[in-house]
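Understanding the architecture of this molecule
So the chains spell out like this:
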Amino acid sequence: STRFNSEGSWMAKLNGSGLLQSVKFYDTHKLTDSQPEPFAFFERSNGDWDIFYNHTSFQDASFLLNLRTDANGTPIFTRRYYLNHSNGGEITSVYPKGTDGYLMAGYHFPNGIRSNGIAMEIDANDNVLWFNQYGTSYIEILTGIVSASDGGYFMGGFADPDSIIISPSENGLFPLSLIHI
């Protein structure tokens, strides 16, 4: 058994039969002065790992944390991606794109009450290529995003039944056309 003596996160390696081979503990509380929650793991083309964490807060800036480890689980670096506003939010989906890049979808609360969907792409060097918010003056949450064969993207999520189509000039948002079925 493994006992952890501080707050943090862990990652376990299992063999092909599901038996535990090793456990790595990461003192993410010390790294971030908060308690981010791990939610996605991806192996990179060189054998390193990207572990993504959400830090959601309604008192300070919400962010996505990427902890990169080598193939043995030893941390190499961390990077924070802030979600544009200090009123909370989180990334709900990470999708690998190309060689070591990622598409991400989620939501944030730009006015502290109603949420807008957010999506972004980062490249293999951890640079944000684009970050956009989508929605109306009601509630929209993106739960997934994937690449489409035409070079674009498909994204999905859920919305408040009162959501309406608005012009981007009204509040700087990209319009989100909602089709009720």
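Residues numbered from 1 in each chain as written. Predicted model: local features only at pLDDT ≥ 70, side-chain atom pairs only at ≥ 80, totals over all residues. Heavy atoms only, no water.

Our next topic: the packing of aromatic side chains. Applying the stated criterion to the full structure yields four aromatic pairs. Their ring planes at 50 degrees and their centres at 5.4 Å tell us that F42 and Y102 sit as a pair that is tilted. Taken together, the residues F42 in strand β3 (residues 37-43) and Y102 in strand β8 (residues 101-108) connect sequence positions 60 residues apart. A single burial state applies to F42 and to Y102, both of which are buried. Relative to Y102, the ring of F52 has its centre 5.0 Å away and its plane inclined at 80 degrees; by these criteria the two rings are edge-to-face. Placement of F52 in strand β4 (residues 49-55) and of Y102 in strand β8 is noted, with a sequence separation of 50 residues between them. (Phe/Tyr/Trp six-rings, centres within 6.5 Å; stacked < 30°, edge-to-face > 60°. Helix = DSSP H or I, 4+ residues; strand = E, 2+ residues; numbered from the N terminus. Buried < 20%, exposed > 50% of the residue type's maximum accessible area, 1.4 Å probe, protein only.)

A few words on a nonpolar patch on the surface. Taken together, the side chains of Y95, V146 and F154 define a hydrophobic patch exposed on the protein surface, amounting to about 280 Å² of accessible area. Considering the arrangement of structural elements, one finds F154 in strand β12 (residues 153-159). Judged by its relative accessible area of 58%, F154 falls in the exposed class. (Patch = residues over 30% accessible without salt bridge, like charges linked within 9 Å, V, L, I, M, F, W, Y side chains within 5 Å. Areas by Shrake-Rupley, 256 points an atom, 1.4 Å probe, with all protein chains shown as cover. Salt bridge = Lys/Arg side-chain N within 4 Å of Asp/Glu carboxyl O.)

Now for the sheet that holds β3. Reading across the sheet, the four strands line up as β3-β4-β5-β6 and stay open at both edges, with antiparallel pairing between neighbours. Every interior strand has two partners, whereas the edge strands, β3 and β6 (75-82), have only one. With direction set aside, neighbouring strand axes in the sheet form an average angle of 20 degrees. Two elements, β4 and strand β5 (residues 63-69), share seven bridges in a ladder whose sense is antiparallel. By the bridge assignment for β5, H55 is matched with F63. (Pairing = 2+ DSSP bridges. Axes fitted to C-alpha atoms, helices over the stretch in contact; angles between N-to-C directions.)

On to the nonpolar core. Ranked by internal contacts, the top residues of the largest apolar core, which has 13 residues, are F52, L64, I91, V94, Y102 and M104. Those elements that place two or more of their residues in this core are β3, β7 (89-97), β8 and β9 (116-122). Among the elements that line this core, the one with the most residues is β9, at three residues. Sequence-distant contacts of V94, defined by excluding residues within four places in its chain, comprise F39, A40, F42, F52, Y102, L103 and M104. Listed in part, the seven residues of the second largest apolar core include I51, Y53, F63 and L67. (Core = buried A, V, L, I, M, F, W, Y, C linked by side-chain atoms within 4.5 Å. Contact = heavy atoms within 4.5 Å.)

Its place among the elements puts R44 in the loop between β3 and β4. At 3.2 Å, the side chain of R44 forms a polar contact with the backbone oxygen of A124. Not counting chain neighbours up to four residues away, the residues in contact with R44 comprise D50, R68, D100, Y102 and A124. (Polar contact = N/O pair within 3.5 Å; in protein donor to acceptor, adjacent residues only side chain to side chain.)

Before going further, it helps to spend a moment on the sheet that holds strand β10 (residues 128-134). The four strands are arranged β7-β8-β9-β10 in an open sheet whose pairing can be described as antiparallel. Here the strands that pair on one side only, and so sit at the sheet edges, are β7 and β10. Between one strand axis and the next, the sheet turns through 15 degrees on average, direction left out of account. Sheet topology note: the β8/β9 ladder contains seven bridges and is antiparallel.

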